Amino acid sequence: MEPAHSVDMDCLQNLYFALPPQDLAALLALLEETTLFNALQEKAASLLHQNGHTLGDRLAKRTRELAQKPLPELQLTLLNTFSRELRVPPQRYIAPQDIHNHWSDITQACLKLLQQQDKTFRGSTLKGLSQHYLQKAIVLFEQHFQELSPEEQERLEEQFWDALPEERRQKLLKKLPKEELAREYVRTAGKTSLTGVGFSSLIAAGGFASYSTAVSLLAGSAKLVGLTLPFAAYTTLTSTIAVLANPLFLALLFGGGGKWFYDKQNTSLRQQLIPLTLAQLYSSEEEETNYENSPAAQQQFLTFCSQLYQEHQHCRQRFLQAQEEESCARSQRLQKKEQLQRQQEALTRLQQQQQELRTQLANLIAQKAYVLSSEPGWASLGQRLLQLQRQQNDLSAQQRPSGLFKRLCQTVSRKTEEFSLQKQLRQASQEGAAQLLQAFCQQQPVPAWTRPLLDQLNHCRQQIQQGEDEERQSTIALKTAKEYQRTREQQREEIHRQLQCIEKRWWGLEQLP
């Protein structure tokens, strides 16, 4: 690693962990909320002169939300954003050297990206990156400042004093006790360098009406006129975040960002912001930043990452276990389902066999109705069957009348009667078979020649009863298995949501060993 690059990484690493949450939240909000849709919406509202929530309002709201998060989580989230957009592999942070190496990878990827985006960039360090954007901003600001009238310049110079943070005012007043002298110093600084007051016309040219006030623009350009402000001055105006009003952002916007309104890829939009954001982050190194807490903040960050990593590992093990339990529950349910299907098929075969045996028994007693009529206790059934059979025979023995019409009428009448008698005989035989089976099951006397079929029918009936009991039990077991599987699925989904929440906090965490 080159010495200059190593020094840059040391400075950037110390600076990064010395920044307060508000500054990190402002950078992160800029990367999250600056999307193609928001930019087009802002442009349309400006053209239509509509009031409402501007992109600056959204940035302000998002910055306030992010600033409420723990500092280590903000630090990790911003690192993750750089890594994701620059396609830098994730890093497991165990020691400060891991942070140093990751920042080095991010910086190299960022410099390479800017070289692809802007052929005029030849730098190889963060300092060169920062100077590149600064030079672009100076040229643009000088051009637009010259377009202002003397009255506008004077008015903006007056407003510039109002834009200074109270801390900076007090430091100026210590050097220049009278406020009039301090104001004159600020106005002189603005006139000496034309870079400090060109913001309003610059933003007006871009159509961003919500950022056209000289106060927000001058607050963002104070550093360019030699008045070093805290880092928050670039993104804060009267406690409202206005990240888009900082000079580096505007340099990118008007130095080749016209494609933002036509590019269909938000990734491309964010990738143009990445080098700018990193340059702005590094430029804070020149400001009065308190580095005393940086080592402690780094250790706190490493502890936070270690805890989050362990939490992810534990959650991942739980998820794998839940997956295995769900798989076992699914297998059990499928086994229960297959078992129930086999039982239902077996029960269907037994019911078909029972129906066939009943038909055989009904046919048998119909054939032996004469014998049955002499059996004690079954004579009435036999006589009834014999009577129906005699009626069939008598119907068949009827003589055919002469005449075609009469024969036709007799044929229709006889067929109708035959069908009715067959139905009655079949019904009587089936009822008789059912009576014989009931008597046999109750161990009452039955004709001996019916016992073989009755034995088979009784055995089949018992098997059917047993099969129905097993089917009911299997149905209950299948229902229980389904509920158990559903419970395991819900548990797995809940753990998966927890795992996703952890992985969302640390991009690429699932790829780490």
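Cut-offs applied
- In this numbering scheme, every chain counts its residues from 1 along its sequence in written order.
- In keeping with the model being predicted, local features are shown solely for residues with a pLDDT of at least 70 and side-chain atom pairs are shown and tallied solely at 80 or more, while totals for entire chains, interfaces and linings include all residues.
- Values reported for side chains reflect all heavy atoms of the structure, with hydrogen atoms and water molecules removed beforehand.
- Runs of H or I in DSSP of at least four residues are treated as helices and runs of E of at least two as strands, each being numbered from the N terminus.
- A 1.4 Å probe rolled over the protein chains alone gives each residue an accessible area, and that area as a share of the maximum for its type sets the label: buried under 20%, exposed over 50%, partly exposed in between.
- Note on contacts: a residue pair qualifies if any of its non-hydrogen atoms lie within 4.5 Å across the two residues.
- All accessibility values rest on the Shrake-Rupley procedure with a 1.4 Å probe; residue burial counts only the protein chains present in the view.
- Throughout this description, the term salt bridge denotes a Lys or Arg side-chain nitrogen within 4 Å of a carboxyl oxygen of Asp or Glu.
- Put simply, buried Ala, Val, Leu, Ile, Met, Phe, Trp, Tyr and Cys residues joined by side-chain atoms within 4.5 Å make one nonpolar core.
- Axis lines are fitted through C-alpha atoms, for helices just across the contact stretch, and the angle between N-to-C directions can take any value from 0 to 180 degrees.
- Less than a right angle of anticlockwise turn of the near helix away from the far helix marks a crossing as left-handed, whereas a clockwise turn marks it as right-handed.
- Think of it as three bins: nonpolar holds Ala, Val, Leu, Ile, Met, Phe, Trp, Tyr, Cys and Pro, charged holds Asp, Glu, Lys and Arg, and polar takes everything else, Gly as well.
- The definitions used throughout rest on a 1 Å grid laid over the protein atoms alone, on which a cavity is an enclosed set of points accommodating a 1.4 Å probe that cannot get out and a pocket is an open set flanked by protein within 12 Å on both sides along at least five of seven lines; lining residues are those having an atom within 4 Å of a point.
- Grid points are joined across faces, edges and corners, and a volume is the space filled by probe spheres set on the points.
- On a scale of 0 to 100, pLDDT captures the predictor's confidence in every residue.
- A helix is expected to reach a length of 1.5 Å times the quantity of its residues less one.
- Pairs were defined over the aromatic rings of Phe, Tyr and Trp, the Trp ring being its six-membered one, requiring ring centres within 6.5 Å. Orientation was assigned from the angle between planes: stacked under 30 degrees, edge-to-face over 60, tilted for the rest.
- We call a charge positioned over a ring when the NZ of a Lys or the CZ of an Arg lies within 6 Å of the ring centre and within 35 degrees of the ring normal.
- For classification, angles of less than 35 degrees are called roughly parallel, those exceeding 145 degrees roughly antiparallel, those between 65 and 115 degrees roughly perpendicular, and all remaining angles oblique.

Draft legend 1. Fine view of the overall build of the protein chain. Counting its secondary structure elements, the protein chain contains 19 helices and two strands. Going through the 513 residues of the protein chain one by one, you find that 46% of them count as buried. In the protein chain, of all internal contacts separated by at least 6 residues, the share reaching a separation of at least 24 is 75%. Of the accessible surface of the protein chain, which amounts to about 27300 Å², a share of 50% is contributed by carbon and sulfur atoms.

Draft legend 2. Highlighting the pattern of salt bridges. One pass over the structure, following the stated rule, counts 10 salt bridges. Between arginine 488 and glutamate 325 there is a salt bridge, and its shortest N-O distance comes to 3.6 Å. Of this pair, arginine 488 sits in helix 19 (residues 451–505) while glutamate 325 sits in helix 15 (residues 294–367), placing them 163 residues apart in sequence. Arginine 488 sits in the buried class, given a relative accessible area of 14%. Taking the relative accessible area as the measure of exposure, glutamate 325 reaches 26% and is therefore partly exposed. Note that arginine 492 and glutamate 326 form a salt bridge whose closest N and O atoms lie 2.8 Å from each other. On the criterion of sequence distance, the pair formed by arginine 492 in helix 19 and glutamate 326 in helix 15 is long-range, its members being 166 residues apart. Grouping residues by exposure puts arginine 492 and glutamate 326 together as buried. Salt bridges sharing common partners tie together Glu32, Arg62 and Glu65.

Draft legend 3. Looking closely at unusual backbone geometry. In this structure, arginine 87 takes a positive phi of about 60° despite not being glycine. By secondary structure assignment, the location of arginine 87 is in the loop between helix 5 (71–86) and helix 6 (96–117). Since its relative accessible area comes to 62%, arginine 87 is described here as exposed. Although it is not a glycine, glutamine 443 adopts a positive phi angle of roughly 60°. By the element assignment, glutamine 443 lies in the loop between helix 18 (404–441) and helix 19. You can call glutamine 443 exposed: its relative accessible area is 75%.

Draft legend 4. Structural context of the nonpolar core. One finds Tyr93, Trp103, Leu129, Leu278, Phe301 and Trp506 to be the most contacted residues of the largest nonpolar core, which totals 58 residues. Ranked by residues supplied to this core, first place goes to helix 15 with 10 residues. If we skip the residues at most four places from it in the chain, tryptophan 103 touches Met9, Leu12, Gln13, Tyr16, Leu79, Phe82, Leu278 and Leu281. Counting residues in each nonpolar core, the second largest holds 29 residues, with Ala362, Leu372, Ala433 and Leu437 among its members.

Draft legend 5. Expanded view of the packing of helix 2 (residues 21–33) against helix 5. Running from amino to carboxyl end, helix 2 crosses helix 5 at an angle of 35°, the nearest separation of the two axes being 10 Å. The handedness of the crossing between helix 2 and helix 5 comes out as left-handed. Contacts between helix 2 and helix 5 pair Pro21, Leu24, Ala25, Leu27, Leu28 and Leu31 from the former with Leu71, Leu74, Gln75, Thr77, Leu78 and Thr81 from the latter. Residue composition of the contact of helix 2 with helix 5, grouped by class: nine nonpolar, three polar and no charged.

Draft legend 6. Spatial organisation of the layout of surface pockets. Approximately 330 Å³ is the volume found for the largest pocket. Lining the largest pocket are 17 residues, with Glu32, Thr77, Thr81, Arg84 and Lys504 sitting closest to its centre. Among the secondary structure elements, those contributing two or more residues to the lining of the largest pocket are helix 2, helix 5 and helix 19. Here the element with the most residues in the lining of the largest pocket is helix 5; it accounts for six residues.

Draft legend 7. A look at the confidence of the model for the protein chain. Confidence in the prediction for the protein chain averages 76 pLDDT; 68% of positions are at 70 or higher. Throughout residues 189–264 the model reports pLDDT below 50, and contacts reaching past four residues in sequence, or to other chains, amount to 197 contacts.

Draft legend 8. Here's a closer look at the side chain of glutamine 354. As for its position among the elements, glutamine 354 is in helix 15. Residue glutamine 354 is classed as buried on the basis of its relative accessible area of 13%. Not counting the four nearest positions on each side in its chain, glutamine 354 is found in contact with Leu457, Cys460, Arg461 and Ile464.

Draft legend 9. Region of the structure containing helix 17 (residues 379–397). Along its 19 residues, helix 17 runs 26 Å from first to last C-alpha, staying within 8% of the 27 Å computed at 1.5 Å per residue. Within the sequence span of helix 17, burial applies to Leu381, Gly382, Leu385, Leu386, Leu388, Gln392 and Leu395. If you follow the buried residues of helix 17, they end up packed against helix 15, helix 16 (369–372) and helix 18.

Draft legend 10. Expanded view of the environment of glutamate 417. Looking at the secondary structure, you find glutamate 417 in helix 18. Separated by 25 residues in the primary sequence, glutamate 417 and glutamine 392 place their C-alpha atoms 8.5 Å from one another.

Draft legend 11. Inspection of the packing of aromatic side chains at higher detail. Tallied over the entire structure, the rule returns six aromatic pairs. Geometrically, the ring pair formed by tyrosine 16 and tryptophan 103 is edge-to-face, given 4.9 Å between the ring centres and 75° between the ring planes. Taken together, the residues tyrosine 16 in helix 1 (residues 3–16) and tryptophan 103 in helix 6 connect sequence positions 87 residues apart. By relative accessible area, which is 0% here, tryptophan 103 ends up buried. Clustering of aromatic rings is evident, with ring pairs tying together Tyr16, Phe17, Phe82, Tyr93, Trp103, Phe301 and Trp506. One residue, arginine 92, lies across the ring of tyrosine 309, its end atom 3.7 Å from the ring centre.

Draft legend 12. Up close: the side chain of glutamine 343. Here glutamine 343 shows up in helix 15. On the basis of relative accessible area, glutamine 343 is assigned to the buried category, the value being 16%. Ignoring any residue separated from it by four or fewer positions in sequence, one finds glutamine 343 in contact with Glu470, Glu471 and Ser474.

Draft legend 13. Region of the structure containing the packing of helix 17 against helix 18. Running from N to C, helix 17 and helix 18 point in directions that differ by 165°, and their axes come no closer than 10 Å. Overall, the two elements helix 17 and helix 18 adopt an arrangement that is roughly antiparallel. The interaxial crossing formed by helix 17 with helix 18 has left-handed handedness. In this structure, helix 17 uses Leu381, Arg384, Leu385, Leu388, Gln389, Gln391, Gln392, Leu395 and Ser396 to contact helix 18, whose residues at the interface are Arg414, Glu417, Glu418, Leu421, Gln422, Gln424, Leu425, Ala428, Ser429, Glu431, Gly432 and Gln435.

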